[in-house]
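A look at the structure
This is what each chain is made of:
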Protein chains: 2
Amino acid sequence: MKELKNLTYGIVGLGIMGGALAKAIRAHILSEAGTCGRVLASNRSKAPLVMAQEEAVVDGIYPLDQVSGMLAQCDLVYVCLYPEATLEFLKTHAQDFKPGAVVTDISGVKTHLVTGLPDGLGSHADFIVGHPMAGGEKEGYINSKASFFNNRNYILMPQPYNKPENIELLKSLITAIGFTRIVETDYRTHDYKIAFTSQLCHVIASALVQSADDNRVTEFGGGSYEDLTRIAMINAPLWTELFMADRTELIKHIQKFESQLSLMRTMLETQDAAGMESYLEQVRSKRMSMSRIDTVRKV
Amino acid sequence: MKELKNLTYGIVGLGIMGGALAKAIRAHILSEAGTCGRVLASNRSKAPLVMAQEEAVVDGIYPLDQVSGMLAQCDLVYVCLYPEATLEFLKTHAQDFKPGAVVTDISGVKTHLVTGLPDGLGSHADFIVGHPMAGGEKEGYINSKASFFNNRNYILMPQPYNKPENIELLKSLITAIGFTRIVETDYRTHDYKIAFTSQLCHVIASALVQSADDNRVTEFGGGSYEDLTRIAMINAPLWTELFMADRTELIKHIQKFESQLSLMRTMLETQDAAGMESYLEQVRSKRMSMSRIDTVRKV
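Least-squares fitting of chain A to chain B yields an RMSD of 0.0 Å, with the superposition described by an axial translation of 0.0 Å and a rotation of 180°. What the rotation and shift describe, once combined, is the action of a two-fold rotation axis. Taking C-alpha positions as reference, the residue of chain A nearest the rotation axis is A:L228, located at 2.5 Å. When the interface residues of chain A are mapped onto chain B, 100% of them again lie at the interface, so the same face is used by both copies.

As structure tokens, this is what we get:
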């Protein structure tokens, strides 16, 4: 099997996630003496590339219009672009990858990718569909940290065309940079579940911010409102794209949530204290059972 | 003015909040050499009292049926009971306080207290209506920490009968135990604002837990769902009482939130990407402007 420390890594899109991946690979995999691995990066704007090179996070930088020269050298490529741009990039550059390369992505929705690339990248390179469940509210390379991935979940959606040894290689990378749970599933389950755990939460946080009378409400808070709305400091173009791409599943989850909210409102309107107490007891016990389970399993 | 370090403090109800207050007073006010202050505590069950005494957090313990003997000694009493029980306690023991004592509470709703005690405790003791905006998900003395109050908000609702020097005394205590912002307001504003920043958030978190298909959803999460539902590990009897007591205001806030949620759902249903992006831009900028403002001010 290929050794992680001797690979050439390529990062396409050096934003908050691409930057964190580059930093984590540098810190956890290429920091030992005697490694001959490298990290190369390509990005539309030049500033993050220059910064990453100055910080010795990356070994080589490529403007996006010269990305083919980078791809030809890379054993493992992380495409860290917005969802639609990821599909577009993979289609455009399918023949530019190094033969036998492992290519993966970070997109928060997957249906368009799997249906848009039914055979992946063909026999040329092995595209593994994946989703690192991590990040931060702030954008850009400058806000990226190698520590983002510590103790986080990673979702993999292996396709029939993927080579088992490449999936194993990617898993060893994922574990090496800090993730503690790898869940394998199919893209439909992913898009349905993510619409709930991620997108619905962002919708709720956003609606809660817009429900505030003014921006001084936090003076009356004990921290709950801040906790529930922190993720509302949102990257609007990215999340619009995610919401719209996964809107069918997201609408279902919003409706389910609206029903529960309406149930609680009705108990208040009818002064059903006994019903409310029993509802809250169920909530407590269900939430307490949702502890993190740090194991690799199939769903 | 009375010196905080020489007062006798009484804590009625040694749960998570009463316990944290006792610990914070011990740590920040009575830890110096040469102080002659004391902390006494009363509680329905004996176990927390014994534990607090063994930990040298309190100097004297009183079963609840002997609380009058404690009240007679205390210069400053914190009533840390559930909202209805607080009113009941103050009515029952109005004549038991040491003459001139300052008495305050921690109840999360205030209308019933202010309307139920239009003259406070009469000329006997000075009851100051207050709400420390702090706490934890877990219950009981055993989960209380002196650090709960660091950098938190405290709301005071001075009444016409309150003596200015007593309000100043309480404020100096509040600041000494870690709070960094004291907001003064009236009980109606308090109950309206708290129904939003605290109760609505607990309703949303609870409805979000009940919307989950199962208790394994967190395997697909990047942390947002956990952050939004942490407060759903809820004390059901207490929150039922808070919700019901403040239900008129809470229902209004739920309806406002439901309108915003419905607006977002409609944009998804009509595939209004431009509308969604502009909505999310507004959300981001509104949320970013909600930074903490650590000053004492009147609202």
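All names here are of chain B. Tracing the backbone through its elements, the reader meets G100 in the loop between α4 (83–93) and β5 (102–105). Residue G100 is classed as partly exposed on the basis of its relative accessible area, which comes to 39%. Put simply, G100 and S206 are 106 residues apart on the chain and 43 Å apart in space, counted from C-alpha to C-alpha. Contact partners of G100, with chain neighbours within four places excluded, come to K2, H124 and A125.

Bringing the interface of chain A and chain B into the picture now. Listed per partner, the contact involves 92 residues of chain A and 92 residues of chain B. Where chain A meets chain B, there are eight salt bridges. The salt bridge partner of A:E139 is B:R284, with a shortest N-O separation of 2.8 Å. Where chain A packs against chain B, one counts 38 residue pairs in polar contact (both at pLDDT 80 or more). When contributions to the side of chain A that touches chain B are tallied by element, the ones reaching two or more residues are β7 (153–157), β8 (181–184), α7 (187–210), α8 (224–229), α9 (236–245), α10 (247–269) and α11 (273–288) of chain A. Of the residues that constitute the side of chain A that touches chain B, the class distribution is 44 nonpolar, 24 polar and 24 charged.

Evaluation of the coordinates by the stated rule reveals 26 salt bridges over all chains. The closest approach of N and O atoms between B:D105 and B:K110, which form a salt bridge, is 2.5 Å. Classification of B:K110 by relative accessible area gives buried; the value is 0%. Among the charged side chains, a salt-bridge network with shared partners connects A:E168, A:K171 and A:E184.

This part takes up the packing of aromatic side chains. All told, the structure shown has nine aromatic pairs over all chains when counted by the stated rule. Aromatic pair A:Y154 and A:F179: ring centres 4.8 Å apart, planes at 85°, arrangement edge-to-face. Of this pair, A:Y154 sits in strand β7 while A:F179 sits in the loop between α6 (164–176) and β8; the two residues are 25 residues apart in sequence, bridging distant segments of the chain. By the burial criterion, A:Y154 is buried, and A:F179 matches it. A centroid spacing of 5.3 Å and a plane angle of 45° characterise the contact between A:Y225 and B:F196, whose relative ring orientation is tilted. You can see A:Y225 sitting in helix α8 and its partner B:F196 sitting in helix α7 (residues 187–210), one on each of two chains. B:F196 matches A:Y225 in its accessibility class, with the two residues each being buried. Positioned above the aromatic ring of B:Y141, the side-chain terminus of B:K23 is 4.4 Å from the ring centre.

What counts, and where the lines are drawn
- Residues numbered from 1 in each chain as written.
- Chains lettered and ligands numbered in written order.
- Predicted model: local features only at pLDDT ≥ 70, side-chain atom pairs only at ≥ 80, totals over all residues.
- Heavy atoms only, no water.
- Least-squares fit on C-alpha atoms with pLDDT ≥ 70 in both.
- Contact = heavy atoms within 4.5 Å.
- Helix = DSSP H or I, 4+ residues; strand = E, 2+ residues; numbered from the N terminus.
- Buried < 20%, exposed > 50% of the residue type's maximum accessible area, 1.4 Å probe, protein only.
- Salt bridge = Lys/Arg side-chain N within 4 Å of Asp/Glu carboxyl O.
- Polar contact = N/O pair within 3.5 Å; in protein donor to acceptor, adjacent residues only side chain to side chain.
- Nonpolar A, V, L, I, M, F, W, Y, C, P; charged D, E, K, R; others polar.
- Phe/Tyr/Trp six-rings, centres within 6.5 Å; stacked < 30°, edge-to-face > 60°.
- Lys NZ or Arg CZ within 6 Å of the ring centre and 35° of its normal.

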